[in-house]
Amino acid sequence: MFATNYPGTVEIWAAPHCERPFTASVQIPGSKSMTNRALVLAALASGDSRISGWLDARDTRLMIAGLRALGTEIATDTDLRITGHPLRGPATIDCGLAGTVMRFLPPVAALASGAVTFTGDEQARTRPLAPMLAALRDLGVDVTGDALPFDVHGGSLRGGSVALDASASSQFVSGLLLSGARMRRGLHLRHVGPPLPSVPHIEMTVAMLAEAGVTVLGKGDEWQVEPGQIAAHHWHIEPDLSNAGPFLAAAVVTGSTVSVADWPTHTTQAGDYWRGFLTHLGAQVSPGLTVTGPDEYPGFDVNLRAVGELTPTIAAIAAFATSPSRLSGIAHLRGHETDRLVAIAAELERVGVTVQVEPDALVIDPSGRRANSDATIRTYADHRMATMGAILALRIPGLCVADPETTAKTMPGFVARWEGMVA
């Protein structure tokens, strides 16, 4: 039902087992979400921009390649240096499995001259795109297709008022907002439908637009962007707090102490949720961020609508609780790199954990969890499934993880970091 389509040879990783609590400090690479937003804003800006602390990973390399295909000059070094030029086609943009590329760049392509073709990995063809592409049509863009591959015929993005259902992905909203100031009439965007997921990511977009001199007015499910210039800027990218999650989870499930360097004091990243959640579990959480896991912890009932990307890691934590847990607000995860609800359930059940899949939730009962296993956790070309498998292996000797290099999507070198932490 699921295929591993990440490029390269599929390997089986004998993920490390934790024999005793450890103490470790880890350095987490830059935020993918912030890097790709900064790249789009820099490409649309007037003048030269710079990005420090950027994440060098598959998703960001795909964004760089896509912007270069549209005529943007990007020099890759310790910092990224971006010089915007008039956007132009014809061009072909490979989205891979990157949601930010397939949802942030179509509005950018609509500002270009000529036709732009969007392609991607085979598995990306099932990721939701139709509502955003329909919104682009309503804003005057000629778009052929409703899923990958599709074509955007540039030069016709007049802007104005549009309504769309963004309940499948907050990236629909962010993608339109990022280009809103460059639309001839600006943008008046309204979400209609079930509650929005991942609202912190929209808040990140609005905050970064403000840094680039663009004011976004509105509240709740409605936003207004006036037409105007986007200022060049020197962007400083924070560590990716969502990618820090597996390392913090390692502390929780093994009673160890893990410190994450350079945790920001103030941030719009969804991953800042870890501080409150882990405290609730009984972990010791110190500023910085340092987490020491408890001897044991009970199950929990959490709504993860705002922070759905953390779900696979939290599911791994639930697998070692002393009682069942319920993770709700996660129906939108069915449209991520894979159907994450089905994938999480299948892989937890592989090690004896019972999972009930509901339309919008997972109920996880760890009572039947095996003490050891010679199973291999499948990853479905999904980086967060690979890190979930690594967490499970800490407490289940003999467990392996297939295709660990899928983590290069957002965190190259994950395996070395993980093994170094445990060592």
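Described in the following lines is the structure provided in the data block. (Residues numbered from 1 in each chain as written. Predicted model: local features only at pLDDT ≥ 70, side-chain atom pairs only at ≥ 80, totals over all residues. Heavy atoms only, no water.)

### Here's the deal with the pairing of strand S3 (residues 48–52)
Definition in use: Criterion used throughout: strands pair if DSSP finds at least two bridges between them. Under the scheme used here, helices are H or I runs from DSSP no shorter than 4 residues and strands are E runs no shorter than 2 residues, and both carry numbers assigned from the N terminus.
Examined bridge by bridge, S3 and strand S5 (residues 80–83) share 4 bridges and lie antiparallel to one another. Bridging from a neighbouring strand, Asp48 pairs with Thr83 of S5. As paired strands, S3 and strand S14 (residues 234–236) are joined by 3 bridges and run parallel to one another. Paired with Arg50 across the strands is His234, a residue of S14.

### Here we look at the sheet that holds strand S19 (residues 325–328)
Inclusion rule: Angular values range over 0 to 180 degrees, each being the angle between N-to-C directions of two axes fitted as lines to C-alpha atoms, with helices fitted over their stretch in contact. A contact between two residues is defined here by any heavy atoms of the two lying within 4.5 Å.
Here 4 strands make up an open sheet; going across it, the order is S18-S19-S21-S20 and the pairing mixed. Where the open sheet ends on each side, the last strands, each with one partner, are strand S18 (301–303) and strand S20 (354–358). Strand-to-strand, the axes of this sheet are offset by a mean angle of 10 degrees, without reference to chain direction. As defined by bridge partners, S18 adjoins S19 across 3 bridges and the pair is classed as parallel. Its bridge partner being in S19, Asn303 is matched across the sheet by Ser328. Contacts between helix H9 (residues 311–318) and the sheet are confined to S19 and strand S21 (361–365), with S19 contributing the most and set at about 170 degrees to the helix.

### Quick look at empty space enclosed by the protein
Applicable threshold: We place a 1 Å grid over just the protein atoms. Points where a 1.4 Å probe fits but has no way out form a cavity, open points with protein on both sides within 12 Å along at least 5 of 7 lines form a pocket, and any residue with an atom within 4 Å of a point lines it. Grid points are joined across faces, edges and corners, and a volume is the space filled by probe spheres set on the points. Note that Gly is not counted as nonpolar here; it falls among the polar residues with everything else outside the nonpolar set of Ala, Val, Leu, Ile, Met, Phe, Trp, Tyr, Cys and Pro and the charged set of Asp, Glu, Lys and Arg.
Throughout the structure, instances matching the rule amount to 2 cavities of 30 Å³ or more. One number sums up the size of the largest cavity: a volume of about 400 Å³. Lining the largest cavity are 31 residues, and of these Lys32, Gln171, His201, Glu309 and His336 lie nearest its centre. Elements with a minimum of two residues in the lining of the largest cavity: helix H1 (32–44), helix H3 (99–110), helix H6 (199–211) and helix H11 (383–395). Class assignment of the residues belonging to the lining of the largest cavity gives a composition of 4 nonpolar, 16 polar and 11 charged. The space that makes up the second largest cavity amounts to roughly 40 Å³. Forming the walls of the second largest cavity are Asn243, His383, Arg384, Thr387, Thr407, Thr410 and Met411.

### Observations regarding the nonpolar core
In summary, soluble globular proteins display a tendency toward joint burial of nonpolar side chains. Here is the rule we go by: Put simply, a nonpolar core is a bunch of buried Ala, Val, Leu, Ile, Met, Phe, Trp, Tyr and Cys residues held in one set by side-chain atoms that sit within 4.5 Å of each other. Exposed residues in this analysis have more than 50% of their type's maximum accessible area, buried residues have under 20%, and partly exposed residues fall in between, with area computed by a 1.4 Å probe over protein chains only.
Phe118, Leu176 and Leu177 are the most contacted members of the largest nonpolar core, which totals 75 residues. Counting residues per element, this core draws most heavily on H1, at 8 residues. In contact with Phe118, not counting residues within four places along its chain, are Ile93, Cys95, Val101, Leu105, Pro106, Ala109, Leu148, Pro149, Phe150 and Val152. Leu333, Met388, Val401 and Met411 belong to the second-largest nonpolar core, a separate cluster that totals 74 residues.

### Observations concerning the sheet that holds strand S16 (residues 284–286)
With respect to topology, 4 strands assemble into an open sheet ordered S2-S15-S17-S16, the strand pairing being mixed. Two strands in the sheet have a free side with no partner beyond their single neighbour: strand S2 (23–26) and S16. Looking at each pair of strands side by side, their axes are set apart by 15 degrees on average, direction ignored. Here 4 bridges tie S2 to strand S15 (residues 257–260), and the two strands are oriented parallel to one another. Bridging from a neighbouring strand, Ala24 pairs with Val258 of S15.

### Description of the packing of aromatic side chains
Stated precisely, the cut-off is as follows: Ring pairs shown here join Phe, Tyr and Trp side chains whose ring centres sit within 6.5 Å, with only the six-membered ring taken for Trp; geometry is labelled stacked below 30 degrees between planes, edge-to-face above 60, and tilted in between.
Within the structure shown, the criterion is met by 8 aromatic pairs. Geometrically, the ring pair formed by Phe414 and Trp418 is tilted, given 5.3 Å between the ring centres and 35 degrees between the ring planes. Note that Phe414 and Trp418 are positioned in helix H12 (residues 414–422) at a spacing of 4 residues, about one turn of the helix. Since its relative accessible area comes to 0%, Trp418 is described here as buried. An aromatic cluster of at least three residues, connected via ring pairs, comprises Trp13, Phe247, Phe414 and Trp418.

### Some words on the pairing of S21
Here S19 runs beside S21; their pairing, made up of 4 bridges, is antiparallel. Bridge pairing in S21 places Ser325 opposite Ile364. Note: S20 against S21, 5 bridges, orientation antiparallel. Counterpart to Val355 in the pairing with S21 is Ile364.

### Thoughts on unusual backbone geometry
A cis amide bond, omega -5 degrees, links Gly89 with the succeeding residue Pro90. In this fold, Pro90 is placed in the loop between S5 and strand S6 (91–94). In this structure, the amide linkage connecting Leu148 to the following residue, Pro149, adopts the cis form with an omega of -5 degrees. Not every positive phi belongs to a glycine, and Ser198 is a case in point at roughly 50 degrees. Within the element layout of this structure, Ser198 appears in the loop between strand S11 (187–191) and H6. Phi is positive for Asp262, close to 65 degrees, though the residue is something other than glycine. Relative to the assigned elements, Asp262 resides in the loop between S15 and helix H8 (273–280).

### Concerning the pattern of salt bridges
Where we set the bar: One speaks of a salt bridge when a side-chain nitrogen belonging to Lys or Arg is within 4 Å of a carboxyl oxygen belonging to Asp or Glu.
Summed over the entire model, instances satisfying the criterion amount to 13 salt bridges. When the shortest N-O distance is used, the salt bridge between Glu347 and Arg350 registers 2.8 Å. Here Glu347 falls in the buried class, since its relative accessible area comes to 0%. For Arg350, a relative accessible area of 26% gives the class partly exposed. The residue Glu347 makes a salt bridge to Arg378 at a minimum N-O spacing of 3.3 Å. Within this pair, whereas Glu347 is found in helix H10 (residues 340–349), its partner Arg378 is found in the loop between strand S22 (376–377) and H11, the two being separated by 31 residues in sequence.

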